[in-house]
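Read off the chains here:
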Amino acid sequence: QVQLVESGGGLVQAGVSLRLSCVASGRTFSSYAMGWFRQAPGKEREFVATINWIGSSTYYGDSVKGRFTISRDNTKNTVYLQMNSLKPEDTAVYYCASRMGPSSRVSVDDYDYWGQGTQVTVSS
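Throughout what follows, the structure given in this document is the object of discussion.

Parameters at a glance
- Residues numbered from 1 in each chain as written.
- Predicted model: local features only at pLDDT ≥ 70, side-chain atom pairs only at ≥ 80, totals over all residues.
- Heavy atoms only, no water.
- Helix = DSSP H or I, 4+ residues; strand = E, 2+ residues; numbered from the N terminus.
- Contact = heavy atoms within 4.5 Å.
- Disulfide = S-S within 2.5 Å.
- Buried < 20%, exposed > 50% of the residue type's maximum accessible area, 1.4 Å probe, protein only.

By the secondary structure assignment, Ser-21 is in strand 3 (residues 18-24). When near neighbours in sequence (up to four residues on either side) are disregarded, Ser-21 contacts Val-5, Glu-6, Ser-7, Trp-36, Thr-78, Val-79 and Tyr-80.

Next comes the structure, spelled out in structure tokens:
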């Protein structure tokens, strides 16, 4: 069993930066690929970014490419999402997810454990 706890969300103005963190429980964090997803009201959960078990491979959704950066620190059981140049359309609940495998994936269905989410609201 893996528990994920996100933090770092908030209300910010467009153009600023924000960093989300996700701390995972369990001794096998370094074996899991991790991902960030987001869900805006009335919309489906959307892929944001993913990183493989060692942090050597990352992949981003088209809407955040070039602005967001995913990273991980396996010594701290933590994955991060650095969000720069935030836009109002980035407003959503952001979820951290882990999958029981080393390779990163982009589909919601490929992830086994989810955090409770953290709200990010970007005002114009």
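Another aspect to go through is the state of the cysteines. One pass over the full model with this rule turns up one disulfide. The partner cysteine of Cys-22 in its disulfide is Cys-96, sulfur to sulfur 2.1 Å. Since a negative S-S torsion denotes a left-handed disulfide, the Cys-22-Cys-96 link at about -75° is left-handed. Here Cys-22, found in strand 3, pairs with Cys-96, found in strand 9 (residues 92-99); they are 74 residues apart in sequence, far enough to count as distant. Assessed through its relative accessible area of 0%, Cys-22 is described here as buried.

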